[in-house]
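# Report on the structure
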Amino acid sequence: MTHYQGEDIEFAIKLNNLGANDMQSWKEASRIVVYFYTHTSYIAKFSNKVEAGYHQLTEVSDTQLTAVIPSADTKVFEGPLFCDVYIHPNKGDSEQIRRVNTGITIEYTPIKDETR
């Protein structure tokens, strides 16, 4: 799927798409952080907690989180879009880091300068 710099990109992360995961609900995690990037020099950060520097994740069901990568972030992205998910469980389970395949490529476009 192709998107262009400066577009808002809606996304959903489903718990069952994270592979090798015993969790049944996002409620089993005390903290969830999601990073989106095309290069590590700029990362769009999301969290299930209200934190400075992070966009808010919304839990739409026990197994699905959603949010929007705003145009202010995507206007500096170019190339394949990577997504990393960090999960800190409530109980004594180990922390988890997962890479999610987005299947998205961000294409360069000079008109991105028109976005806010």
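Reading the values: the criteria
Here the residue numbering is sequential within each chain, running from 1 through the sequence in written order. Local features in a predicted model are, by the rule used here, given only for residues with pLDDT of at least 70; side-chain atom pairs are given and counted only at 80 or more, and totals for whole chains, interfaces and linings are based on all residues. Only heavy atoms go into the side-chain values, all of them from the structure, while hydrogens and water stay out. A run of DSSP states H or I qualifies as a helix once it reaches four residues; a run of E qualifies as a strand once it reaches two. Both are numbered from the N-terminal end. The reference for a compact globule is 2.2 Å times residues^0.38; the radius of gyration itself is calculated from the C-alpha atoms. Remark: exposure states derive from per-residue accessible area (1.4 Å probe, protein chains only) relative to the maximum for the residue type, with buried under 20%, exposed over 50%, and partly exposed in between. When checking whether two residues touch, look at their non-hydrogen atoms; a contact exists if any pair is within 4.5 Å. All accessible-area figures derive from a Shrake-Rupley calculation using a 1.4 Å probe, and residue coverage is judged against the displayed protein chains alone. DSSP-based pairing: two strands are paired if at least 2 bridges between them are found. Each axis is a line fitted through C-alpha atoms, and for a helix only the stretch in contact is used; angles between axes span 0 to 180 degrees, taken between their N-to-C directions. When charges are counted, Lys and Arg are positive and Asp and Glu negative, with His and the chain ends excluded. When a carboxyl oxygen of Asp or Glu lies within 4 Å of a side-chain nitrogen of Lys or Arg, that pair is called a salt bridge.

## So, the overall build of the protein chain
In terms of regular secondary structure, the protein chain is built from one helix and nine strands. From first element to last, N terminus to C terminus, the protein chain shows the α and β order β-β-β-β-β-β-β-α-β-β. Relative to the compact-globule value of 13 Å for 116 residues, the protein chain shows a C-alpha radius of gyration of 15 Å, a close match. With respect to the principal axes defined by its C-alpha atoms, the protein chain has extents near 50 × 25 × 25 Å. A burial count over the protein chain gives 38% of its 116 residues as buried. Partitioning the contacts of the protein chain with sequence separation of at least 6, the portion at a separation of at least 24 is 63%. When the accessible surface of the protein chain is totalled, it reaches about 6,800 Å², and 49% of it is carbon and sulfur.

## Considering the sheet that holds strand E2 (residues 9–14)
Pairing in this open sheet of three strands is antiparallel, and the strands run E2-E7-E6 from one edge to the other. Both outer strands of the open sheet, E2 and strand E6 (58–61), are each paired with one neighbouring strand and no more. In this sheet, adjacent strand axes meet at a mean angle of 30° when their direction is disregarded. When E6 meets strand E7 (residues 64–69), the two strands line up antiparallel, connected through three bridges. Along E7, the bridge assignment pairs Glu 59 with Leu 65.

## Quick look at the side chain of Lys 112
Among the structural elements, Lys 112 can be located in the segment after strand E9 (96–107). The charged side chain of Lys 112 is buried without a salt bridge, its nearest counter-charge being Asp 113 at 5.2 Å.

## Things to note about the pattern of salt bridges
Summed over the entire model, instances satisfying the criterion amount to four salt bridges. Across the pair Glu 59 and Lys 27 runs a salt bridge, and its minimum N-O distance is 2.6 Å. A residue pair is termed long-range when its members are at least 10 positions apart, and Glu 59 in strand E6 and Lys 27 in the loop between E2 and strand E3 (29–39) qualify at 32 residues. Of the residues examined, Glu 59 reaches a relative accessible area of 35% and is grouped as partly exposed. Arg 31 is the partner of Glu 51 in a salt bridge, and the nearest nitrogen-oxygen pair spans 3.1 Å. Remark: Arg 31 occurs in strand E3 and Glu 51 occurs in the loop between strand E4 (42–47) and strand E5 (55–56); sequence separation between them is 20 residues. When its relative accessible area of 25% is taken as the criterion, Glu 51 is described as partly exposed.

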